[in-house]
Amino acid sequence: MACLQFMSMILVSSIPAFAFDCKPRFPEVVYYGRSGKAGSTTLLRTLAASTKNRHRHYSSTKYTSFVDGTSSNKDSVEEALRHITALHNEGWKYVSYDQHMGWLNFSLSGQRQPVFINLLREPIETAVSHYYAILYSYTNAIQYRASLPPEQRNWSINQCLEAGQACQTYPLVVTKLNRMSQYFCGYHPDCALTGVDNVTLSAAGMARAIHHLHNEYLLVGITERYDDSLKLFKRLLPTYFSAVNEKKPAPRHNSNSERPKNEELSPKAKRVLRQGSDHQLYAIALELFDTKYRACFPD
């Protein structure tokens, strides 16, 4: 554990220098963990559109809880392995799999790790998107809004965060503020969130998240640089991203039309949404992405 904490201190300050190899990879399995509200639907549709040349994409609709610790990790691995093995048995050589879940340790089932990829979005943007999805676009949004006090059904995120606990949606936003870090930490007991609002990831958990980000993921794209991300995904995984057209901006899916345009957050809203470690993880992910992009596209 001391080693992980030491690694965290090193990586927080800067990304260690390394020579990134830009050669194309052709792994048999690519695993996309789908960090929420980061444009994941758009990326998985790109994967699905690239299904040719013996590549098949499987999209799971199951959400995996972080509460169950290592048992959830093992169950999730075994579920994924069942789907991946079935597709290989059908004759598909290359399989991509997506599901909303954290980093998984496939060695629990005696398997090799697949190639992991993901996509991250600036944390405050992620939180704002999550708030309006709760009210307007998630599957149960209509029923949820109907359950709210009438005056809260159309509240802006500023109104909600200014009201604090009086806003019924407040806990649903605040408890997600470290979810990005938790995704990358995985299902180890260190990855459990604690604290008054259940939003705090321990130093040991953050160290694990940073370690996995740096060592276990071939590429983590950045939503704010989405076209660059697709370009780099295609360079590194051409079999899985053959549908990417580098000359044409990528379409966006699941955009929430109910979210106010150009909404400026209040000072209190910004303070609330700056809690936690996701901002630190995003900064490291962005620096890693820049390093890999410059290595592959120096001009």
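Our subject is the structure listed above.
So, here is what we can say about the structure in this document. (Residues numbered from 1 in each chain as written. Predicted model: local features only at pLDDT ≥ 70, side-chain atom pairs only at ≥ 80, totals over all residues. Heavy atoms only, no water.)

## Quick notes on the overall build of the protein
The number of helices and strands found in the protein is 12 helices and seven strands. Here the protein holds 299 residues, and the buried ones make up 50% of them. Intrachain contacts of the protein at a sequence separation of at least 6 include 77% that bridge at least 24 residues. Accessible surface, the protein: about 14300 Å² in total, of which carbon and sulfur atoms supply 52%. (Helix = DSSP H or I, 4+ residues; strand = E, 2+ residues; numbered from the N terminus. Buried < 20%, exposed > 50% of the residue type's maximum accessible area, 1.4 Å probe, protein only. Contact = heavy atoms within 4.5 Å. Areas by Shrake-Rupley, 256 points an atom, 1.4 Å probe, with all protein chains shown as cover.)

## Topic: the packing of helix H2 (residues 40–49) against helix H10 (residues 226–236)
Their axes nearest at 12 Å, the elements H2 and H10 cross at an angle of 30 degrees. By the angle between their axes, H2 is roughly parallel relative to H10. Helix-helix and strand crossings are classified by hand; for H2 and H10 the assignment is right-handed. Two secondary-structure elements touch here, H2 through Thr42, Leu43 and Thr46 and H10 through Tyr226, Leu230 and Phe233. (Axes fitted to C-alpha atoms, helices over the stretch in contact; angles between N-to-C directions. Parallel < 35°, antiparallel > 145°, perpendicular 65-115°, else oblique. Left-handed = near helix turned anticlockwise from the far one by under 90°.)

## Notes on the pairing of strand S4 (residues 115–120)
In terms of burial, S4 is a largely internal element, five of the six residues being buried. As paired elements, strand S1 (residues 29–32) and S4 share three bridges and run parallel to each other. What sits directly across from Val30, in S4, is Val115. In this structure, S4 lies alongside strand S7 (residues 217–222), joined through five bridges in parallel fashion. The residue bridging Leu120 from the neighbouring strand is Ile222, located in S7. (Pairing = 2+ DSSP bridges.)

## Here we look at empty space enclosed by the protein
Here the structure, examined in full by the defined rule, presents one cavity of 30 Å³ or more. Roughly 40 Å³ of internal volume is contained in the largest cavity. Lining the largest cavity, in full, are Leu213, Tyr217, Leu219, Val220, Ala285, Leu288, Phe289 and Lys292. When contributions to the lining of the largest cavity are tallied by element, the ones reaching two or more residues are S7 and helix H12 (278–296). For the lining of the largest cavity, the leading source of residues is H12, giving four residues. (1 Å grid on protein atoms, 1.4 Å probe; cavity = no way out; pocket = protein on both sides within 12 Å on 5 of 7 lines; lining within 4 Å. Points joined across faces, edges and corners; volume = space filled by probe spheres on them.)

## Re the packing of aromatic side chains
A complete count under the given rule lists 14 aromatic pairs for this structure. Geometrically, the ring pair formed by Tyr31 and Phe106 is edge-to-face, given 5.5 Å between the ring centres and 75 degrees between the ring planes. Of the two residues, Tyr31 is situated in strand S1 and Phe106 in the loop between strand S3 (94–98) and S4; the sequence distance between them amounts to 75 residues. The pair formed by Tyr31 and Phe106 is uniform in burial state, with each residue classed as buried. Here Tyr293 and Phe297 contribute two aromatic rings whose centre-to-centre distance is 5.0 Å and whose plane-to-plane angle is 40 degrees, an arrangement assigned as tilted. By relative accessible area, Tyr293 is classed as buried at 13%. Taking the relative accessible area as the measure of exposure, Phe297 reaches 16% and is therefore buried. (Phe/Tyr/Trp six-rings, centres within 6.5 Å; stacked < 30°, edge-to-face > 60°.)

## Regarding the nonpolar core
Phe184 and Phe241 are the most contacted members of the largest nonpolar core, which has 60 residues in total. Of the residues forming this core, the biggest block, eight residues, is contributed by H12. Not counting the four nearest positions on each side in its chain, Phe184 is found in contact with Trp103, Asn118, Leu120, Arg208, Ala209, His212, Leu213, Tyr217, Val220 and Leu281. Core analysis: the second largest hydrophobic core is formed by 23 residues, Ala127, Leu135, Val199 and Ala269 among them. (Core = buried A, V, L, I, M, F, W, Y, C linked by side-chain atoms within 4.5 Å.)

## Observations concerning unusual backbone geometry
Its identity is not glycine, yet Arg34 carries a phi of approximately 55 degrees, on the positive side. In this structure Arg34 comes out as buried when scored by relative accessible area, which is 8%. Even without being glycine, Lys37 reaches a positive phi, approximately 55 degrees. Mapped onto the secondary structure, Lys37 falls in the loop between S1 and H2. By relative accessible area, Lys37 is classed as partly exposed at 22%.

Scope: geometric values only; no functional claims are made or implied.
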